[in-house]
Amino acid sequence: MVLLWGSNARAAHPIFFHHLLKGLHNGARMYAIDPRRTDSAAWADVWLGLDVGADIALANAMGKVIIDEGLAHRRFIDHATTGFDDYAATVADYPLDRAEQLTGIPGEVIRETAIAYASADKAQICWTLGITEHHNATDNVLALINLALLTGHVGREGSGLVPLRGQNNVQGGGDMGALPNKLPGFQDVEDDQTREKFEQRWGAAIPPTKGWHLSEMFEAMDAGTLRGVYVIGENPADSEADVDHARKLLTGLDTLIVQDLFLTHTAQLADVVLPAAADWAESEGTVTNSERRVQRVRRALPPPGEARTDLDILVALAGQLGHDWSGLTAEAAWDELRGLSPMHAGMRYDRLEALGGIQWPCPHEDHPGTRTLHTRLWDDPLDSAPAPFIATDWVPPVDQLSEDYPYRLTTGRHLDGYNTGVQSGGYSSPNRSWGTLDVAPDDAAKLGLATGDLVRVRSRRGELELPARLTDDVRPGLTFMAVHYPEQADVNLLTIDTWDPKSGTAEFKATAVALERVGGNGHGDIEVAGADHAGDYEPSAGSAGAPTTIRT
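Analysis parameters
- Residues numbered from 1 in each chain as written.
- Predicted model: local features only at pLDDT ≥ 70, side-chain atom pairs only at ≥ 80, totals over all residues.
- Heavy atoms only, no water.
- Helix = DSSP H or I, 4+ residues; strand = E, 2+ residues; numbered from the N terminus.
- Rg over C-alpha atoms; globule rule 2.2 N^0.38 Å.
- Buried < 20%, exposed > 50% of the residue type's maximum accessible area, 1.4 Å probe, protein only.
- Contact = heavy atoms within 4.5 Å.
- Lys, Arg positive; Asp, Glu negative; His and termini not counted.
- Charge placed at Lys NZ, Arg CZ, Asp CG, Glu CD.
- Pairing = 2+ DSSP bridges.
- Axes fitted to C-alpha atoms, helices over the stretch in contact; angles between N-to-C directions.
- Parallel < 35°, antiparallel > 145°, perpendicular 65-115°, else oblique.
- Salt bridge = Lys/Arg side-chain N within 4 Å of Asp/Glu carboxyl O.

Mind showing me how you'd approach the overall build of the protein here?
Broken down by element type, the protein carries 20 helices and 22 strands. Relative to the compact-globule value of 24 Å for 552 residues, the protein shows a C-alpha radius of gyration of 24 Å, a close match. Principal-axis analysis of the C-alpha atoms gives the protein an extent of 65 × 65 × 50 Å. When each of the 552 residues of the protein is scored for burial, the buried share is 50%. Partitioning the contacts of the protein with sequence separation of at least 6, the portion at a separation of at least 24 is 69%. In the protein, which carries 46 positive and 79 negative side-chain charges, the distance between the mean positions of the two groups comes to 3 Å.

Below, the structure written as structure tokens:
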């Protein structure tokens, strides 16, 4: 049983979704939880079309059902967890009638989903930005973790929690210490003994307190305390919430350096641009995927022109700053990492080659890697720390609906688009709809909109005009825009830069907007979207079949 929660995996993670489809064809059931009836929801047994930002209310209501029905895994809870009583008291405040009011999902469907998840022999919760791009993102994730602990669907082969990574090697970036509070191997930068180990190896002092995450960096730019920024492989001039404000901050810096494959919008603002190689094809190294598998990357061709690999650029920059790193290879850098990160210690290059990748943790060179995490929770006796329930309460989105801003705008991905469109926008696609606003037919009728008509979308931060696209994928009151087309539809002019204090993630998914028809503009070639999302993936006999869609 799969809960696909806040993830349109078919569009955003198509390779993963092919694997998920194998499970569905083998008889697994899938419940898709998403405000939109996405391409992925078209494959679900049940679609739960919840209101944007109601995820905690839904998870808590499911937890209450599971407890009330006697389906909580009490042996696992008593053996391997803490905090259950506080959690049970919290979810007791989410009876089905209240949950239906908060989520927009019929109470009997919530109950069915909870029982199906708790009763399954194996079950997974898969989620992505629909859970994490909220002002209470961490609490959303904790609410899902609570469900796994409640049912024992963790630490067992085939059962677990699956945060889908949005890009290749996002997992590897975190593993290598690209986090403000962690050193490589997720070691705490504020731990004195850990920091001393790295200082001795690196021959340099490390600040004893955590740094800024991205949202805090922009606040520091605003306050004037951050005056220089070095951007590697990112395009914040298009990807930040309230992007008009972000662009003003980037242009006001003393120094902006951008290292990238493309002359992005951010690079166009830079004082210095360092042309980088496409490291997936033009350099040596490793990547780590969503299942923690470290894999080798092999150079297939040399970088074009004056482009250099990221490692070569950093080595050259270090030389200009008085540090001789000449001769540093990707394998030597990796071996240094293995000497500092216990979870990577056993991953020699030759072992990665021979085994086709290794999943961390791999603490020594005879270790095969770890296929399933958290199996320790089933050890008897439990000789490590138990997993805590952390009770969370529902709170509404910050950008609340009002008479002046009566519609909810949420953002997401298209199958043929990638991030801010820098890489994918230059290629033609038969599926591309470019920058449009998805509107429910009922709302379009009230506004006098037809597909292709120009509509003005206004939030408390900005406005833009773009063609409307009528679709049953969104319920009345909900609108949707993709993030890939800043040149045609600069959606982040509208989004709010309120962010989760625990993770630093902005609330991209919940913007309050007003809509106004500007007029017809001849975009009659824009496809009117209907219920046929499967395309060449039509369910066949023996597959999950047609979904039961829940529309409210």
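What exactly am I supposed to notice about the sheet that holds strand 10 (residues 255-260) here?
The strands making up a sheet associate through hydrogen bonds between their backbones, and the pairing can be parallel or antiparallel. On the basis of which strands lie adjacent, the open sheet formed by 3 strands has the order 9-10-11 and parallel pairing. This sheet does not close on itself; its edge strands, each paired only once, are strand 9 (228-232) and strand 11 (272-275). Adjacent strand axes in the sheet meet at a mean angle of 10° when their direction is disregarded. Running over the sheet, helix 17 (residues 310-320) touches strand 9, strand 10 and strand 11 and is turned about 150° from strand 9.

I'm lost on the packing of helix 6 (residues 96-103) against helix 7 (residues 107-119) in this one. Help?
Packed helices, taken two at a time, are described by the angle their axes make and the gap between the axes. Running from N to C, helix 6 and helix 7 point in directions that differ by 105°, and their axes come no closer than 8 Å. Taken together, helix 6 and helix 7 sit at an angle that is classed as roughly perpendicular. For the pair formed by helix 6 and helix 7, the contact residues are Leu96, Ala99, Glu100 and Thr103 on the first element and Gly107, Ile110 and Arg111 on the second.

Would you explain the pattern of salt bridges in this entry?
A side chain with one charge can pair with a side chain of the opposite charge if their charged atoms come near. Inspection of every chain in the model, using the stated rule, returns 31 salt bridges. Among the salt bridges present, the one from glutamate 336 reaches arginine 201, with a minimum N-O distance of 3.4 Å. One end of the pair, glutamate 336, is in helix 18 (residues 330-340); the other, arginine 201, is in helix 11 (residues 192-202), and 135 residues separate them in sequence. Of the residues examined, arginine 201 reaches a relative accessible area of 44% and is grouped as partly exposed.

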